[in-house]
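Structural characterization, general
Each chain is listed here by its residues.
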Amino acid sequence: MSPEAHSAPRSLAEALRARDDTSLAALLRSRPDLITPVPTDLTQLATRAGTRASVLRALERLDRFALQTAEALAVAPDPASYDTLLGLMAGDAGDEAVARELPRAVATLREQALVWGDDDRLRLVRTARELLAPSPQHPSPTGLGPTVQEATSGMSPGRIQEIVTTAGLPSTHDSVSAVAALTGLFGHRRKMAKLLAGAPEPAREVLSRLVWGPPYGQVTADPAAHLRWLLDRGLLLPTTPGTVVLPREVALHLREGRAHRAPEPLPPAVAPATTHNPQVVDATAAGQAYTALATVEELLKDWDEGGPAVLRAGGLSVRDLKRTAVALDVSEPVAAFWVELAYAAGLIASDGEADERYAATPAYDEWLELPPAERWARLAQAWLTATRTPGLVGGRDAKDRTLSALGPGLDRSAAPEVRHRVLSLLAALPQGAAPDAESVLARLRWERPLRAAQRDGARDDDLRSRLARWTLSEAELLGVTGRGALSSHGRALLGAPAAAGAGPGAARSGTASATGAPVAPAAASAEPTGPGDKLPVHHHRAPERLAPLSPAEQGVAAAAAARLLAPLLPEPLDHVLLQADLTAVAPGPLRRPLADTLGVLADVESKGGATVYRFTPASVRRALDAGRTAADLHAFLAEHSRTPVPQPLAYLIDDVARRHGHLRVGAASAYVRCDDDTLLNEILADKRAAALRLRRLAPTVLAAQTDPATLLEGLRAMGYAPAAESAEGDVLITRAHAHRTPPRTAPEPVPDGPPPPDATLLAAAIRAIRAGDLAATTPRKPAGEPLAGGELPRTSSAETLATMQAAVLTGDSVWIGYVNAEGAASQRVIAPIRVEGGFVTAYDHTADEVRTFPLHRVTGVAELADD
């Protein structure tokens, strides 16, 4: 046997043991579930990598070509050579693109520990083969059926011999050799062509219908002549009564050796639909970013004194969502997006009271104090990383219950990944280019084919595609994109370098041509072109891919985005334009003190590029109720208007102020007090006052059987301007009281499995796995009685103490079995330094540090073998 044969790995554990630390780190980074918790050694790591849940998760993260490669290996012999795999992927005629990309796909499968072995003995992990291999219950995506050997396993030896003879082969002495001969015939291109040349035309039509799958068909008890011709030669084999199958070897011959009808070695390009001037894109996105800030502020202002009630099951009612949509002047799905965005950013939450309502959080007040660009960056970062999905609002959950805004059931763990991926695809386009939405969806389906609900040209309504569509529309609402193209501040939010020329993402992820076609990164020249070449791990990432940012990097990216956005936002104004029709026009955003005061003094009539406010008696009275005097209002308008205060507006303020507080309402149940008894007589005589049930107590006092608030509203509805007074007779100033929840944290995203480990955790995990593997595989001298299974040695206390003391004198390392305080058993290689007081101090190779072990917890000890 050659040395190479001896060095070939015999198991996945041996293949992992041959990897260097960089390769192991790549595996653990791509499959973080493998180190939760950290395996004790490489054998346990290999076992965990072969579990069904872990393999399925890894398969779901393969791109279409890597998955097609795994599917081809599932129908290939086990093990299969690289040349066999290449033949299945490229066919007899060959395919240059497939041959060029196949080394990358195989290296990806190796990196993910789904394939192991050298190029002459490639093995698919058994669990992956079970998931991808064809069976009657789970047809293979390749459309191939069982092999001749599998299909004939229940057939009588006599029938097998009849098929062999009819196919033109000599009869054999046993069924095994007969099946082998039939398999060899079907795999021989020239002999099969000769056999099929004599087939009736209807028989060829049957084969053409079954060749690309599904490979099963129905036959009657007395099949037609052309079907009998196929059955007699084994080109169709019976499986169950009335059912036949096309053997895999026959299908591969008819397909000219290809396992897939259409291999897809290259990702579909993201094509630009339109291209705009980059400055126009940034300006449009900045305008929408300002609108987003204004909308969130308006939403929170509307909920400032306490928002809608929380449903018993959680979330907003349909009625409250409609009311919010009307207040924001948007559609209900868009209103749900703004509500969910404020919630994800930690600006709103439930107050936790008995009569639970939604309200702004203390973080909202802190957010208001930030510069506008920083406020936007916080919203955009919350949107990018949130797992809550506003697009699901109004839909149904698995129990057919309506999904409500702010309610449970809206978390989708794939949302952050899809948002980041869609935006990074936009970042790879030329600056100012807006993508064709369908090309984005096609690219996502290629990158995660197993996560698509419908494939192969069917109507696309899977979750990832819906998330992608929502991402494109939400990014436009938020101002991350403008006119469909990624803005400069949106690019910075991803951590992508500034766009230059035709390669917006070139510095990090390769470049893109002007047509959106992928161009290989600079490192592509180092990629192998043959099966024997080895690929570095980092060369196998999909082109144009931006890695997700760590929390620290997200903060840096958000700050960079805010710096780019700040100069593009409009400067707040300190003036308005008063008009004679009792309106004020704000030609742009107003500074907050001016906007707050004007919001009390007037009602917003219309929004847009300029906001129009209208002054009414009710709005002026609202300002007077808030403690302002007529003189204060005249001074305020004169100071902040670029036009003279119109006479009708001055008259309106004076007229309302003259009547304001002439009537006083207090608590009796309630009473009305006025120095003018004629006015009280007028109220008593008014039929509209009947519901208030008033009666005179004194010439200047009326009593009511309603509460003060109802009495105030009733008198105001009659056209009066009463003022509330305290028990001491002073006028009550009715300023709005902001209602805040107790301190709340923003909702935590629901992760899609364990989070990727950072560099520190990876280094520590690999060191522990290596040390544990050293302890498990180091040759040792037999000592005492081993445990069942030969896992740990059993030595007496005296033997353990003597061996430890000898190791201290010689400086040798020993192998021990150890049980910690929690009862967990492990095996370790240690170098004893000192033994005293029932403890041994030693350098622990597993922990890579000096530790002290109680001797009574050491189950046994063995010296390491000399070799």
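Residues numbered from 1 in each chain as written. Predicted model: local features only at pLDDT ≥ 70, side-chain atom pairs only at ≥ 80, totals over all residues. Heavy atoms only, no water.

A word on empty space enclosed by the protein
Under the convention used in this document: Definitions used for this entry: grid spacing 1 Å over protein atoms alone; cavity, a set of points where a 1.4 Å probe fits but cannot get out; pocket, an open set with protein on both sides within 12 Å along at least 5 of 7 lines; lining residue, one with an atom within 4 Å of a point. Grid points are joined across faces, edges and corners, and a volume is the space filled by probe spheres set on the points. Every helix listed is a DSSP run of H or I at least four residues long, and every strand listed is a run of E at least two residues long, numbered separately from the N terminus.
Under the defined criterion, the tally for this structure stands at two cavities of 30 Å³ or more. Roughly 60 Å³ of internal volume is contained in the largest cavity. Considering every element that reaches the lining of the largest cavity, the biggest residue donor is helix α19 (residues 332–344), with four residues.

Topic: the packing of aromatic side chains
Note the cut-off: For Phe, Tyr and Trp, where Trp contributes only its six-membered ring, two rings pair if their centres lie within 6.5 Å, and the inter-plane angle classes them as stacked under 30 degrees, edge-to-face over 60, or tilted in between. Throughout, exposure labels follow a simple rule: accessible area from a 1.4 Å probe, protein chains only, divided by the maximum for the residue type, with under 20% read as buried, over 50% as exposed, and the rest as partly exposed. Whether a charge sits over a ring depends on NZ of Lys or CZ of Arg being within 6 Å of the ring centre and within 35 degrees of the ring normal.
Scanning the entire structure with this criterion turns up four aromatic pairs. Ring centres of Tyr-818 and Phe-853 lie 5.1 Å apart, and the angle between their planes is 80°; on these two criteria the pair is classed as edge-to-face. Here Phe-853 lies in strand β28 (residues 849–854) and Tyr-818 lies in strand β25 (residues 814–819), a separation of 35 residues in the sequence. Taking the relative accessible area as the measure of exposure, Tyr-818 reaches 9% and is therefore buried. Its end group placed over the ring of Trp-367, Arg-375 keeps NZ or CZ at 5.3 Å from the ring centre.

Thoughts on the nonpolar core
Formally: By nonpolar core we mean a set of buried residues, namely Ala, Val, Leu, Ile, Met, Phe, Trp, Tyr and Cys, connected to one another through side-chain atoms within 4.5 Å.
Phe-186, Leu-235 and Leu-236 are the most contacted members of the largest nonpolar core, which has 90 residues in total. Take this core: its biggest share by element is eight residues, from helix α6 (residues 64–75). Ranked by size, the runner-up nonpolar core spans 72 residues in total, among them Leu-379, Leu-392, Ala-475 and Ala-496.

Brief notes about the sheet that holds β25
The following threshold applies: Strands were regarded as paired on the criterion that DSSP finds at least two bridges between them. Only the contacting stretch of a helix is used when fitting its axis, a line to C-alpha atoms as for every element, and angles between N-to-C directions run 0 to 180 degrees.
Strand order in the open sheet made by the five strands is β28-β27-β26-β25-β29, with antiparallel pairing throughout. Where the open sheet ends on each side, the last strands, each with one partner, are β28 and β29 (858–863). On average, each strand axis in the sheet is inclined to that of its neighbour by 45°, with strand direction left out of account. Bridging between strand β26 (residues 825–836) and strand β27 (residues 839–844) involves six bridges; their strand directions are antiparallel.

Quick look at the packing of helix α11 (residues 157–166) against helix α15 (residues 225–232)
Rule in force here: To sort the angles, those under 35 degrees are grouped as roughly parallel, those over 145 as roughly antiparallel, those from 65 to 115 as roughly perpendicular, and the leftovers as oblique. Here, two residues are considered to be in contact whenever any of their heavy atoms come within 4.5 Å of each other. Gly is put with the polar residues, along with every residue not named as nonpolar or charged; the nonpolar set is Ala, Val, Leu, Ile, Met, Phe, Trp, Tyr, Cys and Pro, and the charged set is Asp, Glu, Lys and Arg.
Put simply, α11 and α15 touch, their axes get as near as 8 Å, and they point 105° apart. As summarised for this structure, α11 and α15 are arranged roughly perpendicular, according to the angle between their axes. Side by side, α11 and α15 meet where Arg-159, Glu-162, Ile-163 and Thr-166 of the first sit next to Arg-228, Leu-231 and Asp-232 of the second. Along the lines of polarity and charge, the residues of the contact of α11 with α15 split into two nonpolar, one polar and four charged.

Points about the sheet that holds strand β3 (residues 216–218)
Here we have three strands laid out as an open sheet, ordered β3-β5-β4, and antiparallel in their pairing. Edge positions in the sheet fall to β3 and β4 (237–240), since each of these pairs with one other strand and no more. On average, adjacent strands in this sheet sit at an angle of 40° to one another, irrespective of strand direction. Pairing of β4 with strand β5 (residues 243–245), which is carried by three bridges, proceeds in the antiparallel orientation. Across the sheet, Thr-240 pairs through a bridge with Thr-243, a residue of β5.

Focus: the pairing of β25
Across the six residues that make up β25, a large majority, five, are buried. Taken together, the six bridges between β25 and β26 define a ladder with antiparallel strand orientation. From the neighbouring strand, Ile-816 faces β26, where its bridge partner is Arg-828. Between β25 and β26, which pair antiparallel in sequence order, lie five residues; one of them, Gly-823, sits at a positive phi of approximately 90°.

Remarks on the confidence of the model for the protein chain
A low pLDDT means the predicted coordinates there should not be read in detail. Heads up, the rule is: Per-residue confidence from the prediction method is given by pLDDT, with values spanning 0 to 100.
Residue-level pLDDT values for the protein chain average 83, and 87% of them are 70 or greater. Predicted confidence is poor over residues 1–6, with pLDDT under 50, and the contacts of this stretch with residues over four places away or in other chains come to one contact. Low pLDDT, under 50, characterises residues 500–544; the predicted model gives this stretch 90 contacts beyond four residues in sequence or across chains.

Comments concerning the environment of Glu-438
With respect to the element layout, Glu-438 can be found in helix α23 (residues 437–447). Glu-438 sits 165 residues away from Ala-273 along the chain, and the two C-alpha atoms are 10.0 Å apart.

With respect to the packing of helix α17 (residues 278–302) against helix α21 (residues 372–385)
Close contact between α17 and α21 brings their axes to 10 Å; oriented N to C, the two are set at 80°. When the interaxial angle is binned, α17 and α21 end up roughly perpendicular. For the pair α17 and α21, contact is made by Ala-289, Leu-293, Val-296 and Glu-297 and by Pro-372, Arg-375, Trp-376 and Leu-379, respectively. Residue composition of the contact of α17 with α21, by class: six nonpolar, no polar and two charged.

Here's the deal with helix α18 (residues 318–328)
Selection rule: Each C-beta atom gives one direction from the helix axis, and the arc is the one those directions make.
Considered for burial, the residues of α18 that qualify are Asp-320, Leu-321, Thr-324, Ala-325 and Leu-328. Take α18 and look down its axis: the buried residues cluster within an arc of 140°, on one side only. Turned more than 90 degrees away from the buried face of α18 sit Val-318, Arg-319 and Val-326, all of them exposed. Within two residues after α18, Asp-329 carries a phi angle of roughly 60°, on the positive side.

A short note on the side chain of Arg-104
Spelled out, the test is: Each polar contact in these results corresponds to two N or O atoms within 3.5 Å; when the atoms are within protein, one needs to be able to donate a hydrogen and the other to accept it, and residues that are neighboring in sequence are counted only if both atoms are side-chain atoms.
Residue position: Arg-104 is located in helix α8 (residues 96–111). Its relative accessible area of 11% is what places Arg-104 among the buried residues. Within the local environment of Arg-104, its side chain forms a polar contact with the side chain of Asp-63, the two groups lying 3.2 Å apart.

Remarks on the environment of Ala-107
One can find Ala-107 in helix α8. For Ala-107, a relative accessible area of 13% corresponds to the buried category. A sequence separation of 41 residues divides Ala-107 from Ala-66, and the C-alpha atoms of the two residues are 9.2 Å apart.

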